[in-house]
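Each chain, written out:
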Amino acid sequence: MPNYEALFEDEDDLFAGTPKSKFLDAIKNANTQIVDEELDRIIEKYAIMELLLSENKGDDFDINRVLEQYSLKNSQQVEEMKKSLYIEFTGEVIQRLDS
């Protein structure tokens, strides 16, 4: 996973908005088929990560509790990763617009 942290130093000037707002702009203006396929890819990736995280944990494993605790302990890293993912997903949508 690429780290786009260097781009965040002055994100408003670079993106004329936040990584999240640019992603939302891209998907609002993209072909619905491209958006549907990209969102399906994101959900598939999420499903795989959930399965990997809960593997061999037992029936009483509460993945939402684990994620919430992790987010509370690592909020800054989570926010940086969210920004990187928004940039990555925006790039994927924009790249597909050109093809």
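Look up a bit, the structure's there.
Let me begin by describing the structure that accompanies this report. (Residues numbered from 1 in each chain as written. Predicted model: local features only at pLDDT ≥ 70, side-chain atom pairs only at ≥ 80, totals over all residues. Heavy atoms only, no water.)

## Things to note about the packing of helix α3 (residues 32–54) against helix α5 (residues 75–97)
- At a closest axis distance of 10 Å, the pairing of α3 and α5 adopts a crossing angle of 145°. As α3 runs across α5, the sense of the crossing is right-handed. On α5, the residues touching Ile-34, Glu-37, Glu-38, Arg-41, Ile-42 and Lys-45 of α3 are Glu-88, Phe-89, Glu-92, Val-93, Arg-96 and Leu-97.
- Split into classes, the residues belonging to the contact of α3 with α5 amount to five nonpolar, no polar and seven charged. (Axes fitted to C-alpha atoms, helices over the stretch in contact; angles between N-to-C directions. Helix = DSSP H or I, 4+ residues; strand = E, 2+ residues; numbered from the N terminus. Left-handed = near helix turned anticlockwise from the far one by under 90°. Contact = heavy atoms within 4.5 Å. Nonpolar A, V, L, I, M, F, W, Y, C, P; charged D, E, K, R; others polar.)

## Concerning the packing of aromatic side chains
- Applying the stated criterion across every chain yields a total of two aromatic pairs.
- With a centroid separation of 5.6 Å and an interplanar angle of 50°, the aromatic rings of Phe-23 and Tyr-86 are classed as tilted. Residue Phe-23 is found in helix α2 (residues 19–29), and its partner Tyr-86 is found in helix α5; the two are separated by 63 residues along the sequence.
- Ring pairing ties together the aromatic residues Phe-23, Tyr-86 and Phe-89, which thus form one cluster. (Phe/Tyr/Trp six-rings, centres within 6.5 Å; stacked < 30°, edge-to-face > 60°.)

## As for a nonpolar patch on the surface
- A cluster of nonpolar side chains, namely Tyr-46, Leu-53 and Leu-67, defines an oily patch on the protein surface of about 260 Å² accessible area.
- Looking at where Tyr-46 falls in the secondary structure, it is placed in helix α3.
- Under the relative-accessibility criterion, Tyr-46 is labelled partly exposed at 46%. (Patch = residues over 30% accessible without salt bridge, like charges linked within 9 Å, V, L, I, M, F, W, Y side chains within 5 Å. Areas by Shrake-Rupley, 256 points an atom, 1.4 Å probe, with all protein chains shown as cover. Salt bridge = Lys/Arg side-chain N within 4 Å of Asp/Glu carboxyl O. Buried < 20%, exposed > 50% of the residue type's maximum accessible area, 1.4 Å probe, protein only.)

## Details of the nonpolar core
- Among the nonpolar cores identified, the biggest contains five residues, and these are Ala-26, Ala-30, Ile-34, Val-35 and Val-93.
- Residues in contact with Val-35, not counting those within four places in the same chain, are Ile-27 and Ala-30. (Core = buried A, V, L, I, M, F, W, Y, C linked by side-chain atoms within 4.5 Å.)

## Brief notes about unusual backbone geometry
- For Asn-56, which is not glycine, the phi torsion reads 65° and is therefore positive.
- Relative to the helices and strands, Asn-56 resides in the loop between α3 and α4 (63–73).
- Look at Asn-56 and you get exposed, because its relative accessible area is 78%.

## Considerations on α3
- Relative to the 33 Å expected for 23 residues at 1.5 Å per residue, α3 spans 32 Å between its end C-alpha atoms, a close match to the ideal helical length.
- Against the buried residues of α3 lie α2 and α5.
- Put simply, Asn-31 is the residue that caps the front of α3, since its side-chain oxygen is 2.6 Å from the backbone nitrogen of Gln-33.
- Asn-56 sits one or two positions beyond α3 and adopts a positive phi of about 65°. (Expected span 1.5 Å × (residues − 1). Polar contact = N/O pair within 3.5 Å; in protein donor to acceptor, adjacent residues only side chain to side chain.)

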